[in-house]
Amino acid sequence: MASTRLADRTVLVTGAGSGIGRETTIRCAEAGATVIATDVDSNGGQETVSMVQEADPDGVVEFEKLDVTNRERFGEVADGTADQYGLDCVVNNAGTGHPPANVEDVSDGTFDYVVDVNLRGVWNGCQATLPHLKAGDGDAAIVNVSSLAGFLGFPKQSVYSLTKGAVLNFSRAVAAEAGPAGVRCNAVCPGFTDTPLGRQYFETKGDPEKAMEKAARQYPLKRLGEPEEIAEPILFLLSEEASWISGHGLVVDGGFSIT
Ligand code: NAI
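Since the structure is predicted, the reported quantities are computational estimates derived from the model, not experimental observations.

**Student:** What's the story with the overall build of the protein in this structure? I'm lost.
**Tutor:** Looking only at helices and strands, the protein has 8 helices and 7 strands in total. Taking the principal axes of its C-alpha atoms as reference, the protein extends roughly 50 × 40 × 35 Å. A total of 259 residues make up the protein; the buried ones form 50% of that total. Nonlocal contacts in the protein, meaning residues at least 24 apart in sequence, comprise 75% of its contacts between residues at least 6 apart. Summing over all exposed atoms, the protein offers an accessible surface of approximately 11900 Å²; the carbon and sulfur share of this is 51%.

Next up, the structure:
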């Protein structure tokens, strides 16, 4: 039987065309939500929509092309969603990485791009949607996707870490500010997850498969995460079950950070 955890909820997901965002979209639809799946990549986004329809013909999902760095477009998508369906939940998931490099070797272009997508994208997502979430039924939720890099120090991942640390603390600030209006805001902090972005990191190593196996051995559970293992905690934080959780950074990392 399909779950009804998110019945009557409308969820907007960014970066829904791949990896964690795709899995989150599929699972939100299966849980009864109307999902507005957005991505800068139309092919990936449409593919996600097809996957939802295949998995659950009753699932309601629409694709909107959205580059999260574009504040005006984010506003259009948020306003359009709110007008048509109401808007209850937002998953600011879209993100990007960068090739490993020491701080002094990171180009201005890389810095600007990663900050724009990972940081301004989440900012835009909150700024564009908060007026609608605050005007709702007092039970709205935002989940921002941070990372283990949001609070641990990984060498040669400086710009990524800078943005993910900011996303984590920004989520706390939003929780404090918007809580009185009935909006919860949390972050998830995933460890290495097997997605195109996760694999991109290992492709910078000589033997990517070997590098992935080596990384997996550093996890108490001896493996990397799967996108659905991040999507489920995101759903939890969006749902009623997390009604007293706000301003939290939920670490989802197979135990990596406790070793
Ligand atoms: P992915 O590469 O599979 O998916 C990212 C999606 O974001 C893609 O569909 C891409 O088109 C979209 N995107 C990129 N720039 C965009 C923009 N400007 N506007 C709209 N969409 C854009 O990556 P994955 O792994 O699913 O990443 C999702 C989130 O999880 C990211 O924020 C990432 O930093 C975070 N994360 C991922 C980890 C991993 O090991 N895979 C670990 C920790 C955090």
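There's more to say after this.
**Student:** Please clarify how the nonpolar core should be interpreted in this entry.
**Tutor:** It is characteristic of soluble globular proteins that their nonpolar side chains tend to be buried jointly. Of all hydrophobic cores here, the largest spans 29 residues; its most connected members are Leu6, Val11, Cys28, Ile234 and Leu238. Of all elements in the fold, only β1 (10-13), α1 (19-30), β2 (34-39), α2 (42-55), β3 (60-65), β4 (89-92), β5 (140-145) and α8 (227-238) reach the threshold of two or more residues within this core. If one sorts the elements of this core by residue count, α8 sits on top with 5 residues. If we skip the residues at most four places from it in the chain, Val11 touches Leu6, Cys28, Ala33, Thr34, Val35, Ile36, Cys89, Val91 and Leu238. Membership of the second largest hydrophobic core comes to 26 residues, among which are Phe74, Cys126, Leu133 and Ala175.

**Student:** How should the environment of Thr129 be read in this particular structure?
**Tutor:** Note on placement: Thr129 falls in helix α4 (residues 108-134). Distance from Thr129 to Val49, taken between C-alpha atoms, is 22 Å for residues 80 residues apart in sequence. The residues contacting Thr129, other than those within four sequence positions of it, are Phe74, Ala78, Leu87 and Val90.

**Student:** Would you mind showing me how to read a positive patch on the surface here?
**Tutor:** Taken together, the side chains of Lys156, Lys205, Lys214, Arg217 and Lys222 make up a positively charged region of the molecular surface. Relative to the helices and strands, Arg217 resides in helix α7 (residues 208-217). Exposure remark for Arg217: the relative accessible area of 54% places this residue in the exposed category.

**Student:** What exactly am I supposed to notice about the packing of α1 against α8 here?
**Tutor:** The axes of two packed helices give the description: the angle between them and the distance between them. Two elements in contact, α1 and α8, have axes whose closest approach is 8 Å; the angle formed by their N-to-C orientations is 55°. Here α1 is positioned oblique relative to α8, judged by the angle of their axes. Judged by the twist between their axes, the crossing of α1 over α8 is right-handed. Contacts between α1 and α8 pair Gly19, Ile20, Glu23, Thr24, Arg27 and Cys28 from the former with Pro227, Glu228, Ile230, Ala231, Glu232, Ile234, Leu235 and Leu238 from the latter. Taken together, the residues of the contact of α1 with α8 sort by class into 8 nonpolar, 2 polar and 4 charged.

**Student:** Could you clarify how one ought to interpret the site of the ligand in this entry?
**Tutor:** Among the 28 residues in the neighbourhood of the ligand, the closest are listed as Ser18, Asp39, Asn93, Tyr160 and Thr195. For the ligand, an oxygen atom lies 2.8 Å from a polar atom in the backbone of Ile20. Between the ligand and the protein, one listed contact pairs an oxygen atom with a backbone N or O atom of Asn93 at 2.7 Å. If the ligand stood free it would expose 830 Å²; the protein chains cover 91% of that surface. Listed by contribution, the elements that provide at least two residues to the shell around the ligand are α1, α5 (158-178) and α6 (196-202). Examining the composition of the shell around the ligand, we find that 3 residues originate from one element, α6, more than from any other. When grouped by side-chain class, the residues that make up the shell around the ligand number 12 nonpolar, 12 polar and 4 charged.

**Student:** Help me out: how do you make sense of the side chain of Thr195 in this one?
**Tutor:** As for its placement among the helices and strands, Thr195 is situated in the loop between β6 (183-190) and α6. Exposure remark for Thr195: the relative accessible area of 10% places this residue in the buried category. A polar atom in the side chain of Thr195 sits 3.1 Å from the backbone nitrogen of Gly198. Setting aside its immediate chain neighbours within four residues, Thr195 contacts Gly19, Ile20 and Pro227.

Criteria and cut-off values
- Residues numbered from 1 in each chain as written.
- Predicted model: local features only at pLDDT ≥ 70, side-chain atom pairs only at ≥ 80, totals over all residues.
- Heavy atoms only, no water.
- Helix = DSSP H or I, 4+ residues; strand = E, 2+ residues; numbered from the N terminus.
- Buried < 20%, exposed > 50% of the residue type's maximum accessible area, 1.4 Å probe, protein only.
- Contact = heavy atoms within 4.5 Å.
- Areas by Shrake-Rupley, 256 points an atom, 1.4 Å probe, with all protein chains shown as cover.
- Core = buried A, V, L, I, M, F, W, Y, C linked by side-chain atoms within 4.5 Å.
- Patch = residues over 30% accessible without salt bridge, like charges linked within 9 Å, V, L, I, M, F, W, Y side chains within 5 Å.
- Salt bridge = Lys/Arg side-chain N within 4 Å of Asp/Glu carboxyl O.
- Lys, Arg positive; Asp, Glu negative; His and termini not counted.
- Charge placed at Lys NZ, Arg CZ, Asp CG, Glu CD.
- Axes fitted to C-alpha atoms, helices over the stretch in contact; angles between N-to-C directions.
- Parallel < 35°, antiparallel > 145°, perpendicular 65-115°, else oblique.
- Left-handed = near helix turned anticlockwise from the far one by under 90°.
- Nonpolar A, V, L, I, M, F, W, Y, C, P; charged D, E, K, R; others polar.
- Near = heavy atom within 4 Å.
- Polar contact = N/O pair within 3.5 Å; in protein donor to acceptor, adjacent residues only side chain to side chain.

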